[in-house]
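Analysis of the macromolecular model
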Amino acid sequence: MSINTDVLIVGSGVAGLYCALKLPRDKKVVMITKASPEECDSWLAQGGICVLRNEEDYDAYYEDTLRAGHYENDRSSVDIMIRSSGQAIEDLISYGVEFERDENGDLKYTKEGAHSAPRILFHQDVTGKEITSMLLAAVKKLDNVEIYDHTTMVDIITDGEACEGVVALAPKDSPLVAENTPFTDDGRAIIDIKAKEVVWACGGIGGLYEHSTNFPHMTGDALGIALKHNIRLRNPDYVQIHPTTLYSEKPGRSFLISESVRGEGGILLNDKGERFVDELLPRDVVSKAIFDEMKKSGKKHVWLSMENIDEDTIKHHFQNIYETCLKEGYDCTKEPIPVVPAQHYFMGGVDVNSDSRTSMQHLYAIGETSCNGVHGANRLASNSLLESLVFAQRAAARIEKEIGDIENDDSKLLNLNEYVNASLVFAKYKESVLNAIKAIPAS
Ligand SMILES: Cc1cc2nc3c(=O)[nH]c(=O)nc-3n(C[C@H](O)[C@H](O)[C@H](O)COP(=O)(O)OP(=O)(O)OC[C@H]3O[C@@H](n4cnc5c(N)ncnc54)[C@H](O)[C@@H]3O)c2cc1C
């Protein structure tokens, strides 16, 4: 069985959904997603989303992002993200997303580790659910977009140079199944989805780790496929460990204790009840201090105390954390909770330019799957939802142009030339420039 579409988006987290919303309405868009649309890491985001509050904060926000990233960030990507943040937030609000406001109705901002100023918008401690559910509702209203859940990309279709679609496995009762559809031995339908443009929005790699805050089905599938087809990766060893997840003997996803708990005054204590680190240092530094402390004490966790945060804030701002801790037997308004670092985020990924184009023609990557260098070696807290939105929008804008170019053959050459010129600016994109040159028709 083979179906055809203009754009195929693989993944339905914030990156995939926002890209679908930003594509032209006259283009047919198919989205496939490995589990249910709600089972994505975007849904789990707690702390919030960064925004440039005013021009005076630009330098500090830029510097905080670079310092956290060990100055390995792609500076132009950082600038694009920060400059586009106000528009992205306004857009989210227009889709119905509600952020916390003060008694005058003005937006409230919180602070997390390695931020020199409060610039994070939030919705209690379920910001990701608020944003993702609103974007999903908006996508479901679109006539040009179809979402197929429990449908997994297992490979791409390619002529060697350009991506032409993906091969997916779908449930046997999927609407994608036709009379001649082949099946795997374990009864899953094998579907070829042909597309003019393919967008990978497949999230991170946490499912490959024993302890991770991610959903277990986030297994870096796009990265495996990229390796198979020589699609360039970038910084595949840059993995972020979050300092504070709730320690539990139970198997399964580690429950995150958001950094904003420390931003609001939460402190880390060792086995003797002593503080041992500045809790607001970047995540990699705090994680290392915790591991050192665990090594010294021989214990499997340290403690996080919320004694400096008032009970109302804990119960309102951190309601989800409060209730989950209670279920695990800890009342965090009265006692410290055990915490341990766990895999959390992937800074590396499929190498993309600032329009989210990969090194393969007609293939884009956005969100956590991609690496445009914005996070450098370590992500600044609450930059990833923002980055996913900003670069998903840029991918959609580029795709709109690219599809126009495909439909008008004369402009295809111009389009490739533009790509080559843009790429020449960056010496490190040399390889993709050579590939692009090879792809230009001889005439
Ligand atoms: C617990 C937690 C808390 C977080 N808190 C924050 C925060 O406060 N602020 C912030 O900015 N960031 C936060 N993050 C990070 C942020 O949520 C993610 O980086 C971001 O949401 C990634 O969005 P995405 O769209 O790229 O991926 P996801 O939302 O993970 O979506 C990936 C999608 O791809 C699908 N998929 C994967 N493989 C395949 C395949 N082979 N075929 C088909 N579909 C596939 C999945 O089913 C899913 O729909 C947090 C992350 C976690 C885990």
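Residues numbered from 1 in each chain as written. Predicted model: local features only at pLDDT ≥ 70, side-chain atom pairs only at ≥ 80, totals over all residues.

**Remarks on the sheet that holds strand β12 (residues 302-305)**
An order of β10-β13-β12-β11 is seen for the 4 strands of this open sheet, with the pairing classed as antiparallel. Two strands lie at the open edges of the sheet, namely β10 (239-246) and β11 (267-269), each paired on one side alone. Taken pair by pair, the neighbouring strands of this sheet meet at an average axis angle of 45°, ignoring direction. With respect to the sheet, helix α8 (residues 283-297) is in contact with β10, β11, β12 and β13 (337-346), its orientation differing from that of β10 by roughly 60°. (Pairing = 2+ DSSP bridges. Helix = DSSP H or I, 4+ residues; strand = E, 2+ residues; numbered from the N terminus. Axes fitted to C-alpha atoms, helices over the stretch in contact; angles between N-to-C directions. Contact = placed C-beta atoms within 7 Å.)

**Details of the domain arrangement of the chain**
Along its sequence, the chain is organised into domain 1 (2-238 + 346-432) and domain 2 (243-344). Each of domain 1 and domain 2 was reduced to a C-alpha centroid, and the two centroids are 30 Å apart. Each partner contributes residues to the interface: domain 1 has 22 residues there, and domain 2 has 26 residues. In terms of residue class, the side of domain 1 that touches domain 2 is made up of 8 nonpolar, 11 polar and 3 charged. (Domains from an automatic or database assignment. Nonpolar A, V, L, I, M, F, W, Y, C, P; charged D, E, K, R; others polar.)

**Quick notes on the site of the ligand**
In the vicinity of the ligand, 42 residues are found, and the nearest of them are G11, G13, G47, G203 and G367. Those elements giving two or more residues to the shell around the ligand turn out to be α1 (14-22), α2 (41-44), α5 (127-140), β6 (152-158) and α11 (384-407). Residue composition of the shell around the ligand, by class: 16 nonpolar, 22 polar and 4 charged. (Near = placed C-beta within 6 Å.)

**Focus on the sheet that holds strand β9 (residues 233-234)**
Pairing within the open sheet is mixed, and its 3 strands lie in the order β9-β14-β16. Two strands bound the open sheet, and with one partner strand each, they are β9 and β16 (370-371).

**Some remarks on the nonpolar core**
By size, the foremost hydrophobic cluster in this structure holds 88 residues, and its most contacted members are I9, V10, C19, A20, V199 and I366. A per-element tally of this core places α11 first, with 9 residues. Non-local contacts of C19, meaning those with residues more than four positions away in its chain, are made with I9, V199, A201, I366, A392, A395 and A396. Formed by 24 residues, the second largest nonpolar core is a distinct cluster that contains L246, L304, I314 and A342. (Core = buried A, V, L, I, M, F, W, Y, C linked by C-beta atoms within 7 Å. Buried ≥ 20, exposed ≤ 12 C-beta atoms within 10 Å, placed from the backbone.)

**A closer look at helix α10 (residues 319-327)**
Every buried residue of α10 is accounted for by I321, Y322 and C325. The buried residues of α10 occupy one face: seen down the axis, they fall within an arc of 100°. Along α10, the residues that are exposed and aim more than 90 degrees away from the buried face are L326 and K327. Its buried side turned inward, α10 meets β10, α7 (259-263), α9 (311-316) and β13. G329 sits one or two positions beyond α10 and adopts a positive phi of about 100°. (Arc of directions from axis to C-beta.)

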